[in-house]
Amino acid sequence: MTLATGRPPRTRYLTVVDPATGEAFDEAPDLRPEELDAVVDRARTAWHGWRADPAARRTALLAAADAVDGAATALGPLLTREQGKPLAESYAEVARTAARLRYFAGLDIEAQPVEDDRPVRSRLRWRPLGPVAAIVPWNFPLQLASAKFAPALAAGNTVVLKPSPFTPLATRMLGSVLAGALPEGVLTIVTGREPLGARLASHPGIRHVTFTGSAATGRAVAAGAAASLARVTLELGGNDAAVLLDDVDVEEIADRLFWAAFRNCGQVCMAVKRVYAPSRLHARVVEALAHRATTTAVGPGLDPAARLGPVSNAPQLARVEHRTARALADGARAAAGGHRLDRPGYFFAPTILAGVPADSPVVTEEQFGPVLPVLPYDSLDEAVRAANGTGFGLGGSVWGTDLDRAAAVADRLECGTAWLNHHAELSLAQPFAGAKDSGVGVAGGPWGLYGNLQPFVVHRPEEA
Ligand code: NAD
């Protein structure tokens, strides 16, 4: 692009803040929305070669996975620096990114005969869609990006990937690492402030918009994509309930339950965000979780002793603070935490809330932070009704000793994935799809691959 004066525009930059200090430490290009036209054009040009040779694609994706593993010692610390999570979790995220590339590289795209009682022989084949837009949030920048680009690329599409402006750096480094394995233009990383994402979602050259983020932004993305009738896959927020049954062994499950809520500082779409405990066990559950909240080491993610890092960015810290303050003003009691930590950076004390009114926003909305309300219930019907009582439907879990009984309760949860005695663990091979306001379309496993493909059928007369 050139300006009216004939000079190229000066590159603008985004400042990237380390949440462990609250201070800026690096920057990334702040692309102008109109600069996307050239990026999408290049993605379309690259598509013609990339779609043509599935065997070469597989080889490239496997090489890409090896390159990601090889770059782990550079990617992990940078991810921690910009996102805040403990280094071990960043390394796990890098490993998951490589594993996802290998998983999708290994899937075959199957042609199938189509049943037809007329004298025709029809075969269902699958074709790639074209350039795909991948828009991701800041909580798992690499892992969620790979959940989009790995199946899209394996299907023979090219990808324009936009990370969150809060966490552009590890994704840009990942882009450089992958550039060694993938042909030019097959995967392009673009970084910048809004309306860059809005422009990408509604770009006429994009054929599939795959988005992970909040429900509110998901609605805007779907409306934008409607302009070009691009396909949308939306993985949105969650407000997962954990329902504890009366035969639960509180001490046995307390660690798993705590980490299902607090991993990555609670900034996980499918974290446990509400706990429902039988009234007679409520105090014990609160005490067991509060004990873990007060004894877990909180600190900068680069400190090997830290099990919990800071909240990832200032606006999110403000939301967490506001929701907690509101719950306390509504009569809740903080059995642990309830406040920011008195130190630089965006640290919030791991918080367990009891006595929270059922209509407090920390219960009805997604807190997405290190704060967990524990609510008592008297009848199982009441607990299931409350668990299903929000617009979200991402996941849910049931905890107890009798697994058949727990499974019967799990069947009543309105969500895409339910777990017994654990939460938020996913296999690469399983479908991942939120119910209700938590999503549209299916990611994960073969469903994620086929979501990036167009069915194509040729009807051919039966030969005599
Ligand atoms: P967000 O919706 O604010 O932003 C997500 C992405 O969309 C970012 O890259 C952002 O820059 C971009 N964006 C913002 N406005 C846009 C617009 N109008 N059009 C297009 N793109 C736009 O979400 P966030 O705060 O970054 O992430 C937290 C949210 O993500 C939470 O609600 C969480 O539950 C959700 N999430 C969901 C899943 C899932 O798989 N279901 C996984 C992780 C996070």
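Remember, it's a predicted structure, so these values are computed and weren't measured experimentally.

A.B. asks: Any details on the overall build of the chain? Residues and values, ideally.
C.D. replies: Scanning the chain for helices and strands turns up 15 helices and 18 strands. Taken over the C-alpha trace, the chain has a radius of gyration of 23 Å; the compact-globule value for 464 residues is 23 Å, and the two agree within 12%. By its C-alpha atoms, the chain is 70 × 65 × 40 Å across when sized along the principal axes. When the 464 residues of the chain are sorted by exposure, 51% land in the buried category. Sequence-distant contacts, at least 24 apart, represent 70% of the contacts inside the chain between residues at least 6 apart.

A.B. asks: Report on the site of the ligand, specifying residues and quantitative values.
C.D. replies: Close to the ligand lie 29 residues; Pro137, Gly197, Gly213, Thr217 and Cys269 are nearest. Elements represented by at least two residues in the shell around the ligand include exactly helix 7 (196-201) and helix 8 (215-226). In terms of residue class, the shell around the ligand is made up of 14 nonpolar, eleven polar and four charged. Looking at which domains feed residues into the shell around the ligand, each of domain 1 (2-236 + 434-459) and domain 2 (240-420) gives three or more.

A.B. asks: If you had to explain the domain arrangement of the chain to someone new, which residues and values would you point to?
C.D. replies: Its domain assignment divides the chain into domain 1 (2-236 + 434-459) and domain 2 (240-420). Placing the centre of domain 1 and that of domain 2 at their C-alpha centroids yields a distance of 31 Å. Contacts between the two partners involve 21 residues from domain 1, matched on the other side by 24 residues from domain 2. Put simply, the parts of the chain that give the side of domain 1 that touches domain 2 at least two residues each are helix 3 (72-83) and helix 4 (87-105). Take the side of domain 1 that touches domain 2: its biggest share by element is three residues, from helix 3. Considered class by class, the residues forming the side of domain 1 that touches domain 2 number eight nonpolar, eight polar and five charged.

A.B. asks: Please give an account of the pairing of strand 1 (residues 13-18) that cites residues and values.
C.D. replies: Here six bridges tie strand 1 to strand 2 (residues 23-29), and the two strands are oriented antiparallel to one another. Opposite Val17, over in strand 2, you have Ala24 as the bridge partner.

A.B. asks: So what's going on with helix 10 (residues 279-295)? Residues and values would help.
C.D. replies: End to end, helix 10 covers 25 Å across 17 residues, agreeing with the expected 24 Å (1.5 Å per residue, within 8%). Regarding helix 10, the residues found buried are Val285, Val286, Ala288, Leu289, Ala290 and Ala293. In the core, the buried residues of helix 10 are packed alongside strand 10 (240-244), helix 9 (250-262), strand 11 (272-278), strand 12 (333-336), strand 13 (351-354) and strand 14 (371-377).

A.B. asks: So what about the sheet that holds strand 11? Which residues, and what values?
C.D. replies: Strand order in the open sheet formed by seven strands is 12-13-14-11-10-15-16, with mixed pairing between adjacent strands. With partners counted over all chains shown, the strands left at the sheet margins are strand 12 and strand 16 (417-420), one partner each. Taken pair by pair, the neighbouring strands of this sheet meet at an average axis angle of 25°, ignoring direction. In this structure, strand 13 lies alongside strand 14, joined through three bridges in parallel fashion. By the bridge assignment, Leu353 is partnered in strand 14 with Pro373. In this fold helix 10 packs onto strand 10, strand 11, strand 12, strand 13 and strand 14, with an angle of close to 165° to the strand it touches most, strand 14.

A.B. asks: I'd love a proper account of the packing of helix 3 against helix 6 (residues 169-179), names of residues and values included.
C.D. replies: At a minimum axis distance of 8 Å, the contact between helix 3 and helix 6 shows a crossing angle of 160°. Judged by the angle between their axes, helix 3 and helix 6 are roughly antiparallel. Contact residues: Ala74, Leu75, Leu78, Leu79 and Glu82 in helix 3; Leu169, Ala170, Met173 and Leu174 in helix 6. A breakdown of the residues in the contact of helix 3 with helix 6 according to their chemical character gives eight nonpolar, no polar and one charged.

A.B. asks: Lay out the UniProt feature "domain: Aldehyde dehydrogenase" (unreviewed entry) in the chain with the relevant residues and their values.
C.D. replies: Cross-referencing UniProt, the feature "domain: Aldehyde dehydrogenase" (unreviewed entry) maps to residues 12-449 in the present numbering. The annotated region residues 12-449 carries 41% helix and 20% strand content, and the separation between its end C-alpha atoms amounts to 36 Å.

A.B. asks: I'd like to hear about helix 5 (residues 141-154), residue by residue, with values.
C.D. replies: Here helix 5 spans 20 Å end to end across 14 residues, near enough to the 20 Å set by a 1.5 Å rise per residue. Considering bend angle alone, the principal kink of helix 5 is centred on Ala147 and spans about 25°; proline Pro151 follows within four residues of it. Of all 14 residues in helix 5, 13 are buried; the element is thus mostly enclosed. Remark: Gly156 follows helix 5 within two positions and exhibits a positive phi of approximately 100°.

A.B. asks: Go over the environment of Glu252, please, and point to the residues and values.
C.D. replies: Considering the arrangement of structural elements, one finds Glu252 in helix 9. Residue Glu252 is classed as exposed on the basis of its C-beta count, with 12 C-beta atoms lying within 10 Å. Sequence separation between Glu252 and Glu194 is 58 residues, and the spatial gap between their C-alpha atoms is 46 Å.

Scoring rules and cut-offs
Throughout, residues of each chain are indexed from 1 in the direction in which the sequence is written. For this predicted model, a pLDDT threshold of at least 70 governs which residues receive local features, and a threshold of 80 or more governs which side-chain atom pairs are given and counted, while totals over whole chains, interfaces and linings are taken from all residues. Counting from the N terminus, the helices are the DSSP runs of H or I reaching at least four residues and the strands are the DSSP runs of E reaching at least two. Radius of gyration: over C-alpha atoms. The globule rule applied is 2.2 Å multiplied by the number of residues raised to the 0.38 power. Burial in this document is a count-based property: other C-beta atoms within 10 Å of a residue's C-beta are tallied, and the residue is buried at 20 or more, exposed at 12 or fewer, or partly exposed in between, with C-beta positions derived from the backbone. By the criterion used throughout, residues are in contact when their C-beta atoms, derived from the backbone, lie within 7 Å. Any residue whose backbone-placed C-beta atom lies within 6 Å of a molecule or strand is treated as near that molecule or strand. Polarity classes work like this: nonpolar for Ala, Val, Leu, Ile, Met, Phe, Trp, Tyr, Cys and Pro, charged for Asp, Glu, Lys and Arg, and polar for all others, with Gly in that last group. Domain delimitation in this document rests on an assignment produced automatically or drawn from a domain database. Here, strands pair whenever DSSP counts at least two bridges between them. Multiply 1.5 Å by the residue count of a helix minus one, and that product is the helix's expected span. Between the N-to-C directions of two axes lies an angle of 0 to 180 degrees, each axis being a line fitted to C-alpha atoms and, for a helix, fitted only over the stretch in contact. Angle categories are assigned with fixed cut-offs, so that under 35 degrees is roughly parallel, over 145 is roughly antiparallel, 65 to 115 is roughly perpendicular, and the rest are oblique. UniProt positions are given in the numbering used here, feature names are shortened, and annotations may be inferred rather than shown by experiment. Note that the bend at a residue is defined as the angle between axes fitted to the seven residues ending at it and the seven residues starting at it.

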